[in-house]
Amino acid sequence: MAISCREEPWRPGRDGDENVRKSLCCQLAFPPQESGMPRAKLSPRKTPLQERSRATVDALVQATADILVRDGYAKLTTNRIAERAGVNVASLYQFFPGKEALVAEVSRRHVKEQRKAVREVLATRKFQSLEDLIRTLVSMGFAAHAVNPKLHHALTEELPARRARTAGPEDAPMMEAFREYATDVPDPELAHWLIDTVSHAVIHRAVVERPEALSQGLLQEELVTLLLRYVKRK
């Protein structure tokens, strides 16, 4: 359904400022945020320190992933998560403010595992060329998403909008490797961001729309070709 942006007469003062804000929101196709509706908290309440507490948190995170895969986000509730994890719902709320924070933790662990795998490869392998580096990273991305594709589908397609992915210290080894080989781009950091963004977009859409392509070589080869033509400019 198309969004109608009806112009309203400008009024000075606070009402005028509010009209401008609503107009901009409408033009950007984002409705104004309603007052009194706080955003869901995505961070855990506290970090488990004891082994028993860590086991409880691990069980809750695994239960969240299981329900996402089997029933989807719409049927995910804190009561169902606690029941599947075998803990009291009060224990869930000791560590997480709600189901959104648990889903965010599933996503964080997923990203952490992928970044760890990349760090290990970058630390142990000497790449022969930029093509070798890009081909290896793309191959790892496809392989990671071919495992448990239903969970990747849930994290990609079914969830509400999540916070943007930001680079962290764990990205440093990849950045260093890219700076070493990406000699034809004016800004290696920007090029790294573009390659990372494009790769994630293609792979995540494949999870949803072409899951069979994750285990086939053609899509992977086409993505490598696309990225190499971007970085090889001479």
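Residues numbered from 1 in each chain as written. Predicted model: local features only at pLDDT ≥ 70, side-chain atom pairs only at ≥ 80, totals over all residues. Heavy atoms only, no water.

## Some words on the overall build of the protein chain
Defined as follows: For helices the rule is a DSSP run of H or I covering at least 4 residues; for strands it is a run of E covering at least 2, with both sets numbered from the N terminus onward. Relative accessibility decides the category of a residue: with a 1.4 Å probe and only protein chains considered, values under 20% of the type maximum give buried, values over 50% give exposed, and everything between is partly exposed. Contact between two residues is taken to exist if any of their heavy atoms lie within 4.5 Å; hydrogens are not considered.
For the protein chain, the count of helices and strands is 10 helices and zero strands. Traced from its N-terminal end to its C-terminal end, the protein chain shows the element sequence α-α-α-α-α-α-α-α-α-α. Residues counted as buried form 34% of the 234 residues belonging to the protein chain. When contacts within the protein chain are restricted to residue pairs at least 6 apart in sequence, those whose partners lie at least 24 apart make up 64%.

## Topic: the pattern of salt bridges
Just so we agree on the cut-off: Every case where a carboxyl oxygen of Asp or Glu lies within 4 Å of a side-chain nitrogen of Lys or Arg is listed as a salt bridge.
For the structure shown, the criterion picks out 11 salt bridges. A salt bridge links Arg-125 to Asp-132, with the nearest nitrogen and oxygen atoms 2.7 Å apart. The class for Arg-125 is partly exposed, based on a relative accessible area of 38%. Several salt bridges converge on common partners, so that one network encompasses Asp-58, Glu-105, Arg-108 and Arg-109.

## Some points on the side chain of Thr-78
In this fold, Thr-78 is placed in helix H3 (residues 78-85). Given the relative accessible area of 14%, Thr-78 is considered buried. In contact with Thr-78, other than residues within four places in its own chain, are Val-89, Leu-92, Tyr-93, Gly-98 and Lys-99.

## A closer look at the packing of helix H6 (residues 130-146) against helix H10 (residues 217-231)
Rules: Here an axis means a line fitted to C-alpha atoms, over the contact stretch when the element is a helix, while the angle between two N-to-C directions is reported on a 0 to 180 degree scale. Between 65 and 115 degrees an angle is taken as roughly perpendicular, under 35 as roughly parallel, over 145 as roughly antiparallel, and anywhere else as oblique. Left-handed describes a crossing whose near helix is turned anticlockwise from the far helix through less than a right angle; right-handed describes the clockwise counterpart.
The geometry of H6 relative to H10 is characterised by a closest axis approach of 10 Å and an angle of 140 degrees between their N-to-C directions. Comparing their axes, H10 and H6 come out oblique. Of the two elements, H6 crosses H10, and the hand of that crossing is right-handed. Within the contact between the two elements, H6 uses Leu-130, Glu-131, Ile-134, Arg-135, Val-138, Ser-139 and Phe-142 and H10 uses Leu-219, Gln-220, Glu-221, Leu-223, Val-224, Leu-227, Leu-228 and Val-231.

## Considerations on the side chain of Thr-136
Counting through the fold element by element, Thr-136 comes out in helix H6. For Thr-136, a relative accessible area of 12% translates into the label buried. Excluding residues within four positions of it along the chain, Thr-136 makes contact with Val-121, Arg-125 and Phe-127.

## Points about H10
Rules: Here the expected span of a helix is defined as 1.5 Å times the quantity of residues minus one. Arc, as used here, means the arc of the directions from the helix axis to the C-beta atoms.
The end-to-end C-alpha distance of H10, which contains 15 residues, comes to 22 Å, matching closely the 21 Å that a straight helix rising 1.5 Å per residue would cover. For H10, every residue scored as buried is listed here: Gln-220, Leu-223, Val-224, Leu-227, Leu-228 and Val-231. Looking down the long axis of H10, one finds its buried residues gathered within 130 degrees of arc, a one-sided arrangement. Away from its buried face, by an angle of more than 90 degrees, H10 presents the exposed residues Leu-218 and Arg-229.

## A look at the nonpolar core
As a reminder of what qualifies: To qualify as a nonpolar core, a set must consist of buried Ala, Val, Leu, Ile, Met, Phe, Trp, Tyr and Cys residues joined through side-chain atoms within 4.5 Å.
With 25 residues, the main nonpolar core has Leu-122, Leu-130, Leu-133, Ile-134, Val-138, Phe-178 and Val-231 as its most contacted residues. Taken together, the elements giving at least two residues each to this core come down to helix H5 (99-124), H6, helix H8 (172-181), helix H9 (188-209) and H10. In this structure, Val-138 is in contact with Ser-199, Gln-220, Leu-223, Val-224 and Leu-227, ignoring residues within four places of it in sequence. Val-61, Phe-95, Val-106 and Leu-155 belong to the second-largest nonpolar core, a separate cluster that totals 22 residues.

## Some remarks on the confidence of the model for the protein chain
For the record, the criterion: Across the chain, each position has a pLDDT score giving the predictor's confidence in that residue, from 0 to 100.
Per-residue confidence for the protein chain gives a mean pLDDT of 76, with 76% of residues at or over 70. Within the protein chain, the element-level pLDDT minimum falls on helix H1 (residues 14-27), averaging 39, and the maximum on H3, averaging 96. Taken as a whole, residues 1-38 scores under 50 in pLDDT and shows 18 contacts with residues more than four places along the chain or in a different chain.

## Side note on the UniProt feature "DNA-binding region" (unreviewed entry) in the protein chain
Applicable threshold: UniProt positions are given in the numbering used here, feature names are shortened, and annotations may be inferred rather than shown by experiment.
With numbering aligned to this structure, UniProt lists the feature "DNA-binding region" (unreviewed entry) at residues 77-96. Between the C-alpha atoms that bound residues 77-96 the distance is 13 Å, and the span itself is 75% helix and 0% strand.

## A word on the layout of surface pockets
We apply this condition: Think of a 1 Å grid over the protein atoms and nothing else: a 1.4 Å probe that fits but is trapped marks a cavity, an open set flanked by protein within 12 Å on at least five of seven lines marks a pocket, and residues with an atom within 4 Å of a point count as lining. Grid points are joined across faces, edges and corners, and a volume is the space filled by probe spheres set on the points. Three classes are used: nonpolar for Ala, Val, Leu, Ile, Met, Phe, Trp, Tyr, Cys and Pro, charged for Asp, Glu, Lys and Arg, and polar for all others, with Gly counted as polar.
Considering only enclosed or pocket space, the second largest pocket measures out at about 440 Å³ in volume. Lining the second largest pocket are 24 residues, with Val-118, Leu-137, Met-174, Asp-196 and His-200 sitting closest to its centre. Every element with two or more residues in the lining of the second largest pocket is listed here: H5, H6, H8 and H9. At eight residues, H6 tops the list of elements feeding residues into the lining of the second largest pocket. Counted by class, the lining of the second largest pocket contains 14 nonpolar, six polar and four charged residues.

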